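One letter stands for each residue in the lines below.
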Amino acid sequence: TTFLYGTLTENSVTDIGTSNGITANRYFDIRRCNIAIEGLNNSKTIPEANKNVLKGQFFFMRAFVYFRLVSLYGGVPLILKTQDLSGEELNVPRAKTSECIAAITNDLDSAAAYLPGVWSGSDIGRITRGTALAVKGKVLMYWASPQFNPTNISSRWETAYQACKAAYDQCVTDGYI
């Protein structure tokens, strides 16, 4: 209703990361992903195949949360490792939008490398490598769009096209089309 009445403020957008609650702050989601990725990397008891599939899902989720933040705010603080919540390292400056896009696409490439092409049984519907590559294509299309590319740099469109084509080809290979 605040949007309809023209009284929207910066505190009205609480689902993207402006709230301080643990369930409403996207940086807590990023923190959870960072903790999981580091924990999986350090685990000696989880089989490597299981670790990789889990890491792929966490890389995807971190990229997805960052994409939501970047599409709304542009460059945001990039936190790609677990931080001590009481330390000075919490004061992270905003990264350039280009750095954020590079981190997001890197996470999506990592996700695609770790995730299976298809799931079976009760796992059907989970994130696949085709999903990761398709989201990468979407991220790069946003990067090429007038929102982030007002001078219409054609190489961004070409990169976005190549990413979308790779996603399509992967989905065909995995039997989705």
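None of these values were measured; they are calculated from a predicted model.

Conventions and cut-offs
Residues numbered from 1 in each chain as written. Predicted model: local features only at pLDDT ≥ 70, side-chain atom pairs only at ≥ 80, totals over all residues. Heavy atoms only, no water. Patch = residues over 30% accessible without salt bridge, like charges linked within 9 Å, V, L, I, M, F, W, Y side chains within 5 Å. Areas by Shrake-Rupley, 256 points an atom, 1.4 Å probe, with all protein chains shown as cover. Salt bridge = Lys/Arg side-chain N within 4 Å of Asp/Glu carboxyl O. Helix = DSSP H or I, 4+ residues; strand = E, 2+ residues; numbered from the N terminus. Buried < 20%, exposed > 50% of the residue type's maximum accessible area, 1.4 Å probe, protein only. Axes fitted to C-alpha atoms, helices over the stretch in contact; angles between N-to-C directions. Parallel < 35°, antiparallel > 145°, perpendicular 65-115°, else oblique. Left-handed = near helix turned anticlockwise from the far one by under 90°. Contact = heavy atoms within 4.5 Å. Nonpolar A, V, L, I, M, F, W, Y, C, P; charged D, E, K, R; others polar.

Draft legend 1. Representation of a nonpolar patch on the surface. A contiguous nonpolar patch, built from Val 118, Tyr 168, Val 172, Tyr 176 and Ile 177 and spanning about 500 Å² of accessible area, is present on the exposed surface. Inspection of the secondary structure puts Val 172 in helix H5 (residues 154-173). According to the relative accessible area criterion, Val 172 is partly exposed, its value standing at 35%.

Draft legend 2. Main features of the environment of Ile 35. Inspection of the secondary structure puts Ile 35 in helix H1 (residues 26-42). What makes Ile 35 partly exposed here is its relative accessible area of 41%. For the pair formed by Ile 35 and Leu 80, sequence separation is 45 residues and the distance between their alpha carbons is 9.8 Å.

Draft legend 3. Representation of the packing of helix H4 (residues 129-144) against H5 within the structure. Where H4 meets H5, the axes come as close as 8 Å, and the angle between the chain directions of the two elements is 165°. On the basis of their axis angle, the class for H4 and H5 is roughly antiparallel. By crossing handedness, the relation of H4 to H5 is classed as left-handed. Judged by residue contacts, Arg 129, Gly 130, Leu 133, Ala 134, Gly 137, Leu 140, Met 141, Trp 143 and Ala 144 of H4 engage Arg 156, Trp 157, Thr 159, Ala 160, Ala 163, Cys 164, Ala 166, Ala 167, Gln 170 and Cys 171 from H5.

Draft legend 4. Highlighting the pattern of salt bridges. Applying the stated criterion to the full structure yields eight salt bridges. For Lys 51, the salt bridge goes to Glu 48, with nearest N and O atoms at 3.8 Å. Note that Lys 51 and Glu 48 are positioned in helix H2 (residues 48-73) at a spacing of three residues, about one turn of the helix. Judged by its relative accessible area of 8%, Lys 51 is buried. Of the charged contacts in the structure, one is a salt bridge between Arg 129 and Asp 174, with a shortest N-O distance of 3.0 Å.

Draft legend 5. Looking closely at the packing of H2 against helix H3 (residues 97-114). Two elements in contact, H2 and H3, have axes whose closest approach is 8 Å; the angle formed by their N-to-C orientations is 155°. Taken together, the axis directions place H2 and H3 in an arrangement best described as roughly antiparallel. Pair H2 / H3 crosses with left-handed handedness. Note on element contacts: H3 touches H2 through Thr 97, Cys 100, Ile 101, Ile 104, Asp 107, Leu 108, Ser 110, Ala 111 and Tyr 114, opposite Asn 52, Val 53, Lys 55, Gly 56, Phe 59, Phe 60, Arg 62, Ala 63, Tyr 66, Phe 67 and Val 70. Residue classes in the contact of H2 with H3 are distributed as 13 nonpolar, four polar and three charged.

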